[in-house]
Amino acid sequence: MSKRIIGLTGGIATGKTTVTNYLASAYNLPILDADIYAKEAVSLGSSILGAIAQRYGEQILLADGSLNRQKLGEIIFNRQDERNWVENLIHPDVRDRFLKAIAQSSSQILVLVVPLLFEAGMTDLVREIWVVHCSQEQQLQRLIQRNHLNREQARARINSQLSIEEKVTHADVVLDNSSTLEVLLEQVDVALKITSKD
């Protein structure tokens, strides 16, 4: 029997982490997280971090030599060309980490959390796509609150991703996170019971 590989995605601050934590705690499912892999890809001493430092200079590094994420964010969320450059550097490394983890896992159900599932061209790694979404205003408010951003900064981050409406059109499962936590988790329960597509 082939593995059921769920690709969990959605817009920034739509509730992916809430769904992920629930799948891990309630169902004990292995979670493979693109954000964690991306952080590992730019860890201290990595060739990718070296390339980023070479492009943007020492100002992109913290005192200990690690990546200054805030500084990088200021550059890439305002410059599409620079964001593309950084993503083209990191995404292949993240893909390799996913492939290795999938091959090594003995679990029949795996959850890949990939915020940029479509943008990074990683849909081929999964068997089904789950998209978490909420209204644009809710997304904006949650992001402002969570990341302590102003409206303009929050909007720039949201606009840097494929629109949530576009993601929903490609989803096998749509999880609506515009109501209560209880309503969201009930949807997760239902989605998990649906048998995987052949």
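Preceding this section is the structure that the text describes.
Computed from a prediction, not measured in an experiment: that's the story for all the values here. (Residues numbered from 1 in each chain as written. Predicted model: local features only at pLDDT ≥ 70, side-chain atom pairs only at ≥ 80, totals over all residues. Heavy atoms only, no water.)

Colleague: Please clarify how the layout of surface pockets should be interpreted in this entry.
Modeller: A water-sized probe, rolled over the atoms, reveals where empty space remains. Its boundaries defined by the atoms lining it, the largest pocket holds a volume of some 1600 Å³. Looking at the largest pocket, it is lined by 49 residues, and the ones nearest its centre are I12, D35, F77, R146 and N147. Residue composition of the lining of the largest pocket, grouped by class: 21 nonpolar, 16 polar and twelve charged. Lining the second largest pocket are 14 residues, and of these Q136, Q139, R155, I158 and N159 sit closest to its centre. Those elements giving two or more residues to the lining of the second largest pocket turn out to be helix 6 (136–147), helix 7 (151–159) and helix 8 (164–169). Tallied by class, residues from the lining of the second largest pocket come to four nonpolar, six polar and four charged. (1 Å grid on protein atoms, 1.4 Å probe; cavity = no way out; pocket = protein on both sides within 12 Å on 5 of 7 lines; lining within 4 Å. Points joined across faces, edges and corners; volume = space filled by probe spheres on them. Nonpolar A, V, L, I, M, F, W, Y, C, P; charged D, E, K, R; others polar. Helix = DSSP H or I, 4+ residues; strand = E, 2+ residues; numbered from the N terminus.)

Colleague: Would you mind showing me how to read the nonpolar core here?
Modeller: One broad trend across soluble globular proteins is that nonpolar side chains are buried collectively. Counting residues in hydrophobic clusters, the biggest one holds 36 residues, and the most contacted among them are L32, I52, I60, L72, F98, L112 and M122. Of all the secondary-structure elements, those providing two or more residues to this core are helix 2 (34–41), helix 3 (47–56), helix 4 (69–76), helix 5 (80–104), strand 3 (109–113) and strand 4 (128–133). Counting residues per element, this core draws most heavily on helix 5, which supplies six residues. Setting aside residues no more than four positions away along its own chain, I52 makes contact with V42, G57, I60, L67, L72, W85 and L89. By size, the runner-up hydrophobic cluster in this structure holds 17 residues, among which are L8, V188, A191 and L192. (Core = buried A, V, L, I, M, F, W, Y, C linked by side-chain atoms within 4.5 Å. Buried < 20%, exposed > 50% of the residue type's maximum accessible area, 1.4 Å probe, protein only. Contact = heavy atoms within 4.5 Å.)

Colleague: How do you make sense of the packing of helix 6 against helix 7 when you look at a structure like this?
Modeller: What describes two packed helices is the angle between their axes and the distance between those same axes. Contact pair helix 6 / helix 7: the axes reach a minimum separation of 9 Å and the direction vectors enclose 115 degrees. In this structure, the crossing between helix 6 and helix 7 has a hand that is right-handed. Every residue of helix 7 that contacts helix 6 at E137, Q139, L140, Q141, L143 and I144 is listed here: R151, A154, R155, R157 and I158. For the contact of helix 6 with helix 7, the residue count by class is five nonpolar, two polar and four charged. (Axes fitted to C-alpha atoms, helices over the stretch in contact; angles between N-to-C directions. Left-handed = near helix turned anticlockwise from the far one by under 90°.)

Colleague: Is there a simple way to think about the side chain of E82 in this case?
Modeller: Locating E82 in the fold gives a position in helix 5. Among all residues touching E82, those that are not within four sequence positions of it are R55, Y56, I75 and I76.

Colleague: Just checking my understanding: could you explain the pairing of strand 4 for this structure?
Modeller: Consecutive side chains along a regular strand alternate between the two faces of the sheet. Most of strand 4 is tucked away, with five of its six residues classed as buried. Sheet topology note: the strand 1 (residues 4–10)/strand 4 ladder contains five bridges and is parallel. Among the inter-strand pairings, T9 is bridged to a residue of strand 4, identified as V131. Here strand 4 pairs with strand 5 (residues 173–176) via four bridges, running parallel. Within strand 5, the residue paired with V132 across the bridge is L175. (Pairing = 2+ DSSP bridges.)

Colleague: Could you clarify how one ought to interpret the packing of aromatic side chains in this entry?
Modeller: Working definition: an aromatic ring pair is given by the centre-to-centre distance plus the angle between the planes. The tally for this structure, following the rule as stated, stands at three aromatic pairs. Seen in terms of ring centroids, Y22 and Y27 are 5.9 Å apart; in terms of plane orientation they differ by 90 degrees. Their pairing is edge-to-face. You can call Y27 partly exposed: its relative accessible area is 32%. Against the face of W85 rests R55, its NZ or CZ located 4.3 Å from the ring centre. (Phe/Tyr/Trp six-rings, centres within 6.5 Å; stacked < 30°, edge-to-face > 60°. Lys NZ or Arg CZ within 6 Å of the ring centre and 35° of its normal.)

Colleague: Looking at this model, I keep getting lost on the sheet that holds strand 3. Mind explaining?
Modeller: Hydrogen bonding along the main chain pairs the strands of a sheet, whether they run parallel or antiparallel. What the five strands build is an open sheet, ordered 2-3-1-4-5; its pairing is parallel. Strand pairing shows two members of the sheet lacking a second neighbour, strand 2 (31–33) and strand 5, which therefore form its edges. Across this sheet, the average inter-strand angle for adjacent strands is 25 degrees, counted without regard to direction. Relative to the sheet, helix 1 (residues 16–27) contacts strand 1, strand 2, strand 3, strand 4 and strand 5, its axis offset from that of strand 1 by approximately 150 degrees. Of the strands in this sheet, strand 1, strand 4 and strand 5 touch helix 9 (residues 181–193), which is tilted by about 165 degrees from strand 5.

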